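Below are the chains, spelled out letter by letter.
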Amino acid sequence: MTSGIRFDGVSVAYGGTVVLDSLDLTVEPGEVMALLGPSGSGKTTALRAVAGFVRPASGRVFIGGRDVTGLPPYRRGIGMVVQSYALFPHMRVEDNVAFGPRAQKAPRSEIPGRVAEALELTDMAGYARRYPRELSGGQQQRVAIARALAVRPGVLLLDEPLSALDAQLRSGMLAELARLHRELPDVSVLYVTHDQVEALTLADRIAVMDRARLRDCGTPEELYRRPRTEFTASFVGNANLLPVTAGTDTVTFAGRELKVPAGGSAARGAAATLCVRPHLVGLGDGPNALRGTLAEVQWRGATHRLYVDVAGHRLMADVRELRDPPPPGAEVVLHFAPDDAVLLPAGAGPEAGVRAEVAAHG
Ligand code: ADP
């Protein structure tokens, strides 16, 4: 099966409400693309449009260069894994895994080999004769993945595949999925998640979704270092987002002038948002110094997270190797290098609410 996925202006509506709005997105052959966004942003709908379980109101879906928009799911060459596993409870593991190739009408003689191969890939070879109820949650998830792989898909669709697992199993399965992809380097993966750690760990690129639309797309590093919207800045990693007025290579924040990288796109005098990552904010005097009052200190192992109130705005600084943090209420000075700041268009409307929520969760 050839791989690669292309959404070409794909829109989906339920009862007149648009839940996916003109999605244009390409997943290259062999690439892992995460669809990251809050609940209800349209991620699963996009995935189901690739699988063939929802019909777009407009636009086309391509798999391996072939227009599959009108094809039924079983003719699209996809494997799919959903959150609830959806194993058949009355079938042994081997029959669950054989289900796909049988439905595909693969030659009978090929099926045992395909089942063995898929169970081998997922480290479940010893469990072929068991029933799903005789397996742990993590093992059931492996069988669900084996079942998806047994059709030898060009495209693997994963919908929150780890969200039913506890935290420890989840990190083990993340490593497993990464290994699996190394063994199947030609398979394109579309991975739906609301968990930025999963997206940052697994994905070659992340497509950030919010309210039915694609907001940003790039490698994890690009999105982290150079987010293009406030939404991305706050959804991929933590961010200090300062309301500023743009100048020329400077901005004004709460009456103070701060230096920012040259060549920003904001017009002089325009409202904008300055994004500075907490780990790039230092304690003590330096460039772009800001004086404030320490509100709270959280110890986080390798760092201390300092919350500092500066002119009515609460800033976060993740400081390494701080032996004796100052007490809450102390006057402190924070600073950041001009090149570590990113100037963004001022966010408006509901995105500001999302930002506040993310900030509240640290
Ligand atoms: P996400 O995966 O990002 O959580 P979904 O794609 O599942 O979001 O849903 C996007 C929006 O579409 C939500 O508001 C959801 O309630 C709505 N929706 C999803 N499936 C249906 C359906 N079958 N009928 C009506 N509305 C739906």
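The coordinates are above.
What counts and how
- Residues numbered from 1 in each chain as written.
- Predicted model: local features only at pLDDT ≥ 70, side-chain atom pairs only at ≥ 80, totals over all residues.
- Heavy atoms only, no water.
- Helix = DSSP H or I, 4+ residues; strand = E, 2+ residues; numbered from the N terminus.
- Buried < 20%, exposed > 50% of the residue type's maximum accessible area, 1.4 Å probe, protein only.
- Contact = heavy atoms within 4.5 Å.
- Areas by Shrake-Rupley, 256 points an atom, 1.4 Å probe, with all protein chains shown as cover.
- Lys, Arg positive; Asp, Glu negative; His and termini not counted.
- Charge placed at Lys NZ, Arg CZ, Asp CG, Glu CD.
- Pairing = 2+ DSSP bridges.
- Axes fitted to C-alpha atoms, helices over the stretch in contact; angles between N-to-C directions.
- Arc of directions from axis to C-beta.

Trainee: Before we move on, can you summarise the overall build of the chain with the specific residues and values?
Mentor: Across its full length, the chain carries nine helices and 20 strands. The principal-axis extents of the C-alpha atoms in the chain amount to approximately 75 × 45 × 35 Å. Residues counted as buried form 47% of the 362 residues belonging to the chain. In the chain, of all internal contacts separated by at least 6 residues, the share reaching a separation of at least 24 is 67%. Accessible area of the chain: about 17,000 Å², with a carbon and sulfur share of 50%. Computed over 40 positive and 40 negative side-chain charges, the separation of the two mean positions in the chain equals 6 Å.

Trainee: Go over the sheet that holds strand β4 (residues 58–63) with me, naming the residues and quoting the values.
Mentor: One key point about sheets: their strands pair by backbone hydrogen bonds, in either a parallel or an antiparallel sense. Across the sheet, four strands lie side by side as β2-β1-β4-β5; this open sheet has antiparallel pairing. The open sheet is flanked by β2 (17–27) and β5 (66–67), the only strands paired with a single partner. For strand β1 (residues 5–14) and β2, the ladder comprises seven bridges, and the chain directions are antiparallel. What sits directly across from Val10, in β2, is Leu23. Taken strand by strand, helix α1 (residues 43–51) contacts β1, β2 and β4, and its axis lies near 115 degrees from that of β1.

Trainee: Describe helix α3 (residues 111–121), with residues and values.
Mentor: Looking at α3, one finds that the buried residues are Ile111, Arg114, Val115, Ala118, Leu119 and Leu121. On an axial view of α3, the arc spanned by its buried residues comes to 160 degrees, and they lie on one face. Among the exposed residues of α3, those oriented more than 90 degrees off its buried face are Pro112 and Glu120. In this structure, the buried side of α3 is in contact with α2 (93–103), α4 (137–149) and α5 (167–183). Just past α3, the residue Asp123 takes up positive phi, approximately 65 degrees.

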